Amino acid sequence: MISLVIPTYNESGNIGLLIKRVDGVLKESGHPYEVIIVDDNSPDRTWKVAQALCGEYPDLRVIRRVNERGLARAVVRGWEEARGHILAVMDGDLQHPPETLTLLIKALERDGADISVASRNVKGGGVSRWNVFRRIMSWSATLMATWVLPGTLRTIRDPMSGYFALRRSVIQGCRLKPEGYKILLEVLGRGRYRRVDEIPYTFVEREQGGSKLGPRQYGEFMVHLLRLSWETGELKRFLKFSLVGVSGIFVNMGMLTFLTWNGLGYLPSGVFAVETAIVTNFLFNEFWSFSDFSKRSPGLFNRMKRFVGFNLFCTGGAGINLGVLWFLTGYVGIHYLISNLFGISMATLWNYGMNANITWESARAERK
Ligand code: GDD
Ligand code: MN
């Protein structure tokens, strides 16, 4: 059985057409199904409009949450009441084309995926008429999430998607407690799964009503990311990496001080200082921050490959480091040791994102 959950808040103008189209698609799938609308007591009485449809659609159920608000938790509530072996979620505003659901189900049933995600960021997918600002917002949210949760999200191109399906077993026994909008992050962060498939779709413009995404939801997104990265252990890895970075600061600053004392100019000294720190940092990361992966990918050749990758990204980081040093000292006139500290901080952000996601790519948390 397929259980499709549709969270709604002020969607009275969309719900009629949506249910009609969804019902048609699900009927054709040949599976028994149920559609569960979870409405947070919408002022426009979406719940009432939906309830009125139950006579015409016997497989439709409506849950009205009176004291709670929030997209992601509404979805969790719907899944709690669901009976299907396949759980799915779709927006209630027709921005997610219902026909894609057929492909999401097929990916689970026929292709053996555990989770199938409708994706804007794989070939064939996209958004319609989005301005630069919206694209940047969406892109930076994805980047930020991937940076904080490299092990969870590395291979997923559209972790911000709110349209996906999964086997019930993926979240069986997991306590989902998402904050805000992004229910997929929660499923990927806490679920048990092997294979995630992405199915292209085009995010359609809204005809009726408006988005409920606002400043509050951005705040909740940050809290959610932090919480997930802590509870999945990924934040711990970043803290280790940062500690290694701190050790690198001492190596770097010590070397810089030593060389400038011996009469070398601060820029060439800076180059040597950075190079030395890259080597010591690699060793600490290889045998400590990322030791779990290093163990899974042993051998001198793999290690050398990682060392080359680490060097390349850290050279980029060193570029950032030196650029900041040059700018702050040459243009702003700040003391070069202080400038160097700023440079190192910027480089650390870059280095972690790149190395966690690429050099030690299997930083992916083991999923029991
Ligand atoms: N029950 C409930 N409670 N539903 C809500 C709430 C809430 O507090 N807030 C929003 N919804 C419902 C909306 O009524 C709509 O059906 C759906 O959740 C998506 O909300 P929108 O406000 O339309 O979101 P969006 O268009 O900006 O973004 C959507 O698309 C993204 C891209 O796929 C969301 O689904 C994102 O999660 C998704 O990533
Ligand atoms: Mn929408």
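Residues numbered from 1 in each chain as written. Chains lettered and ligands numbered in written order. Predicted model: local features only at pLDDT ≥ 70, side-chain atom pairs only at ≥ 80, totals over all residues. Heavy atoms only, no water.

## Points about the nonpolar core
Membership of the largest hydrophobic core comes to 36 residues, with the highest contact counts inside it found for Trp-79 and Phe-164. Beyond its immediate sequence surroundings of up to four residues, Phe-164 is in contact with Trp-79, Leu-87, Ala-88, Val-89, Leu-104, Ser-116, Val-117, Ala-118, Ile-183, Leu-184 and Val-187. In terms of nonpolar packing, the next biggest core, distinct from the first, is built from 33 residues, Val-35, Ala-50, Leu-53 and Ala-107 among them. (Core = buried A, V, L, I, M, F, W, Y, C linked by side-chain atoms within 4.5 Å. Buried < 20%, exposed > 50% of the residue type's maximum accessible area, 1.4 Å probe, protein only. Contact = heavy atoms within 4.5 Å.)

## Section: the packing of aromatic side chains
Counted according to the given criterion, the structure contains 16 aromatic pairs. Considering the side-chain rings of Phe-282 and Trp-360, the 5.8 Å spacing of their centres and the 25° angle between planes classify their relative orientation as stacked. Of this pair, Phe-282 sits in helix H11 (residues 266-289) while Trp-360 sits in the segment after helix H14 (336-359), placing them 78 residues apart in sequence. One residue, Arg-64, lies across the ring of Trp-47, its end atom 3.6 Å from the ring centre. Above the face of the Tyr-9 ring, Arg-69 is positioned so that its terminal group lies 3.6 Å from the ring centre. (Phe/Tyr/Trp six-rings, centres within 6.5 Å; stacked < 30°, edge-to-face > 60°. Helix = DSSP H or I, 4+ residues; strand = E, 2+ residues; numbered from the N terminus. Lys NZ or Arg CZ within 6 Å of the ring centre and 35° of its normal.)

## A few points about the pairing of strand S5 (residues 115-119)
Taking burial as the measure, the five residues of S5 include five buried ones, the bulk of the element. Taken together, the three bridges between S5 and strand S7 (residues 164-167) define a ladder with antiparallel strand orientation. If you follow Ile-115 over to S7, its bridge partner there is Leu-166. In this structure, S5 lies alongside strand S8 (residues 196-200), joined through five bridges in parallel fashion. Across the sheet, the residue bridging to Val-117 is Glu-198, located in S8. (Pairing = 2+ DSSP bridges.)

## What about the pattern of salt bridges?
Under the counting rule described, the total for this entry stands at 25 salt bridges. Among the ionic pairs, Arg-83 bridges to Glu-34, the shortest N-O distance being 2.8 Å. Within this pair, whereas Arg-83 is found in the loop between helix H3 (71-81) and strand S4 (86-89), its partner Glu-34 is found in strand S2 (residues 33-39), the two being separated by 49 residues in sequence. Of the charged contacts in the structure, one is a salt bridge between Arg-190 and Glu-231, with a shortest N-O distance of 2.8 Å. In this pair, Arg-190 sits in helix H8 (residues 183-190) while Glu-231 sits in helix H9 (residues 215-231), placing the two residues 41 residues apart along the sequence. Salt bridges here are not isolated pairs; linked through shared partners, they connect Arg-73, Lys-177, Glu-179, Glu-186, Arg-190, Arg-227 and Glu-231. (Salt bridge = Lys/Arg side-chain N within 4 Å of Asp/Glu carboxyl O.)

## Focus on the site of ligand 1
Close to ligand 1 lie 27 residues; Glu-11, Asp-40, Asp-91, Met-160 and Lys-212 are nearest. Between Lys-182 and ligand 1, the recorded distance is 2.7 Å, taken from a side-chain N or O atom to an oxygen atom. Contact with the protein chains removes 96% of the 730 Å² of surface that ligand 1 exposes when unbound. Where the shell around ligand 1 is concerned, the elements lending two or more residues are strand S1 (2-8) and H3. Here the residues of the shell around ligand 1 sort into 10 nonpolar, eight polar and nine charged. (Near = heavy atom within 4 Å. Polar contact = N/O pair within 3.5 Å; in protein donor to acceptor, adjacent residues only side chain to side chain. Areas by Shrake-Rupley, 256 points an atom, 1.4 Å probe, with all protein chains shown as cover. Nonpolar A, V, L, I, M, F, W, Y, C, P; charged D, E, K, R; others polar.)

## Observations concerning the domain arrangement of the protein
The assigned domain composition of the protein is domain 1 (2-231) and domain 2 (234-363). Between the C-alpha centres of domain 1 and domain 2 the distance comes to 39 Å. Taken together, the contacts link 10 residues of domain 1 with 10 residues of domain 2. Considering only the side of domain 1, the residues that lose the most area to domain 2 are Trp-147, Pro-150 and Arg-154, jointly responsible for 57% of the buried surface there. Taken together, domain 1 and domain 2 are joined by zero salt bridges. Only helix H5 (132-148), helix H6 (150-153) and H9 provide two or more residues apiece to the side of domain 1 that touches domain 2. (Domains from an automatic or database assignment. Buried area = accessible area lost by both parts, 1.4 Å probe.)

## Describing the coordination of the manganese ion (ligand 2)
Within the protein, the atoms that donate to the manganese ion (ligand 2) are Asp-93 (OD) and Gln-95 (OE1), at distances of 1.9 to 2.0 Å. Residue Asp-93 shares its accessibility class with Gln-95, and that shared class is buried. (Donors = N, O, S within 2.8 Å, 3.2 Å for Na, K, Ca; no water.)

## Some remarks on the sheet that holds S4
With mixed pairing, seven strands are arranged side by side in an open sheet as S3-S2-S1-S4-S7-S5-S8. On the outer flanks of this sheet lie strand S3 (60-64) and S8, each paired with one strand and no other. For this sheet, the mean inter-axis angle between neighbouring strands, taken without regard to orientation, is 20°. Pairing geometry for S1 and S4, over four bridges, is parallel. If you follow Ile-2 over to S4, its bridge partner there is Ile-86. Lying on the sheet, H3 is in contact with S1, S2, S3, S4 and S7; it crosses S1 at an angle near 150°. Across the sheet, helix H4 (residues 100-109) is in contact with S1, S4, S5, S7 and S8; its angle to S5 comes to roughly 150°. (Axes fitted to C-alpha atoms, helices over the stretch in contact; angles between N-to-C directions.)

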